[in-house]
Amino acid sequence: MNGFLIDLDGTLYRGHEPIPGAAAFLQWLQQEQLPYLLVTNNSSRTPQQVAEHLQALGMEVPAAAVYTSSQAAAQYMTEQRAGQRVHMIGEDGLRIALDAAGFAMDGTTTPDYVVQGIDRSFTYGKLTEAVRHLKHGATYVLTNPDRMLPSDGGLMPGAGSLAASITAASGVEPVVIGKPSPIIMTYAIERLGLPPADVWVIGDNVHTDIRGGAMAGCRTALVLTGVATPVNVHEQLASAGMTPDLVCTDLPHFIAQLKNC
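Since we're looking at a predicted model, the values are computed, not measured.

**Points about the packing of aromatic side chains**
Stage number 1. Applying the stated criterion to the full structure yields five aromatic pairs.
Stage number 2. The interplanar angle of 90° and the centroid separation of 6.1 Å between the aromatic rings of Phe4 and Phe254 together place this pair among those described as edge-to-face. Taken together, the residues span a long stretch of sequence, with Phe4 in strand 1 (residues 3-6) and Phe254 in helix 10 (residues 251-258) at a distance of 250 residues.
Stage number 3. The exposure class of Phe4 is buried, given its relative accessible area of 0%.
Stage number 4. Here a set of aromatic residues connected by ring pairs shows up, and it is made of Phe4, Phe25, Trp28, Trp200 and Phe254.

Encoded structure:
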């Protein structure tokens with residue numbers, strides 16, 4: 001049996017617009033009773049919020065089928081057993097994931113971790129505070145390395161761009177959790193309960209989705225509906241030095257090709 005790890009933005013939707021064929025693809029997975037997980041580097045939303053966003057776009061997915069970089073970061077730190085005190089730079093999705101895992105975030109003056117995701121209210125003061133904690137020995141955990149994010153108004157700086165400033169100022173490199181890191185990929189594959197060779201990783205970004213899937217030993221399918229497009233796909237593949245198992249115009253094309261594999 002095949003399992004599927006599926007990206008969100010650029011694969012199922014673009015901002016507030018569903019990608020044609022995405023809803024039918026999810027219905028096909030559910031009808032065929034194929035195991036799947038929606039894996040996202042976005043740390044700002046909870047799984048429930050992701051499910052609600054998808055529902056508004058005409059896609060019915062349970063929150064349990066969503067796995068975020070915030071959840072993976074909380075899981076990673078729990079397994080490290082190096083302390084429960086956290087200084088967080090991020091939004092609700094990260095805060096809720098850390099709180100659910102039992103981490104202490106309020107009033108922590110000597111944190112064990114500085115955990116950072118996307119933070120659209122990032123300031124010089126937040127940068128200064130993070131750097132001081134890192135200089136005093138806190139471990140730096142980054143939810144995802146994305147430098148730029150798509151939005152309705154165009155690209156905007158992502159968590160990786162904020163991390164670049166923190167790393168430059170502190171000299172401390174973060175533990176990266178999100179795609180293409182093997183950390184989130186390993187956790188996601190474990191949730192499916194299948195060997196990596198039986199898992200397809202589907203996404204629109206060669207540098208994160210496809211690289212992460214290949215490094216984890218999964219089969220990979222690039223869809224040309226987001227970062228990669230029919231116009232730039234050769235440039236994207238060359239810059240990443242990656243060759244997916246399948247290159248598909250969209251998700252219905254993936255289903256058609258999968259039947260021939």
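**Some words on the sheet that holds strand 12 (residues 199-203)**
Strand pairing in a sheet takes place through backbone hydrogen bonds and is either antiparallel or parallel in direction.
Stage number 1. Judged by pairing direction, the sheet is parallel, and its six strands sit side by side in the order 5-4-1-12-13-14 without closing on themselves. Single-partner strands in this sheet number two, and they are strand 5 (66-68) and strand 14 (246-248). Here the average twist between neighbouring strands, direction ignored, is 25°.
Stage number 2. Across four bridges, the pairing between strand 12 and strand 13 (residues 219-223) is parallel. Pairing of Trp200 across the sheet is with Arg219, part of strand 13.
Stage number 3. Together, strand 4 (36-40) and strand 5 form the strand contacts of helix 3 (residues 69-80), whose direction differs from that of strand 5 by roughly 65°.
Stage number 4. Helix 10 rests against strand 1, strand 12, strand 13 and strand 14 of the sheet, and its axis sits at about 140° to strand 14.

**Describing the sheet that holds strand 8 (residues 139-142)**
Stage number 1. In space, the four strands of this open sheet follow the order 6-7-8-11, with parallel pairing throughout. Lying at the two open borders of the sheet, with one neighbouring strand each, are strand 6 (86-89) and strand 11 (175-176).
Stage number 2. Together, strand 6, strand 7 (113-116) and strand 8 form the strand contacts of helix 6 (residues 159-170), whose direction differs from that of strand 8 by roughly 160°.

**Things to note about the environment of Leu34**
Stage number 1. In this structure, Leu34 sits in the loop between helix 1 (22-31) and strand 4.
Stage number 2. Separated by 30 residues in the primary sequence, Leu34 and Phe4 place their C-alpha atoms 7.8 Å from one another.
Stage number 3. With near-sequence residues (within four places) excluded, Leu34 lies in contact with Met1, Asn2, Phe4, Trp28 and Leu29.

**Concerning the side chain of Thr40**
Stage number 1. You can see Thr40 is positioned in strand 4.
Stage number 2. Owing to a relative accessible area of 6%, Thr40 belongs among the buried residues under this scheme.
Stage number 3. Those residues in contact with Thr40 that lie beyond four places of it in its chain are Leu8, Tyr67, Thr68, Ser69, Lys179 and Ile184.

**Here's the deal with helix 5 (residues 124-135)**
Stage number 1. With 12 residues, helix 5 ought to run about 16 Å at 1.5 Å a step, and its terminal C-alpha atoms sit 16 Å apart, in line with that.
Stage number 2. Among all positions in helix 5, only Leu127, Ala130, Val131, His133 and Leu134 are buried. Down the axis of helix 5, the buried side of the element spans an arc of 160°, and every buried residue falls inside it. Residues of helix 5 that are exposed and point over 90 degrees away from its buried face: Tyr124, Arg132 and Lys135.
Stage number 3. Where helix 5 is buried, its residues meet strand 6, strand 7, strand 8 and helix 6.
Stage number 4. Positive backbone phi, at 105°, marks Gly137, one or two positions downstream of helix 5.

**What about helix 7 (residues 182-192)?**
Stage number 1. Of the positions making up helix 7, those classed as buried are Ile183, Ile184, Met185, Tyr187, Ala188, Ile189 and Leu192.
Stage number 2. Here helix 7 starts with a cap whose side-chain oxygen sits 3.1 Å from the backbone nitrogen of Ile183, and that cap is Ser181.
Stage number 3. At the C-terminal side of helix 7, Gly193 shows a positive phi close to 75°.

What counts, and where the lines are drawn
- Residues numbered from 1 in each chain as written.
- Predicted model: local features only at pLDDT ≥ 70, side-chain atom pairs only at ≥ 80, totals over all residues.
- Heavy atoms only, no water.
- Phe/Tyr/Trp six-rings, centres within 6.5 Å; stacked < 30°, edge-to-face > 60°.
- Helix = DSSP H or I, 4+ residues; strand = E, 2+ residues; numbered from the N terminus.
- Buried < 20%, exposed > 50% of the residue type's maximum accessible area, 1.4 Å probe, protein only.
- Pairing = 2+ DSSP bridges.
- Axes fitted to C-alpha atoms, helices over the stretch in contact; angles between N-to-C directions.
- Contact = heavy atoms within 4.5 Å.
- Expected span 1.5 Å × (residues − 1).
- Arc of directions from axis to C-beta.
- Polar contact = N/O pair within 3.5 Å; in protein donor to acceptor, adjacent residues only side chain to side chain.

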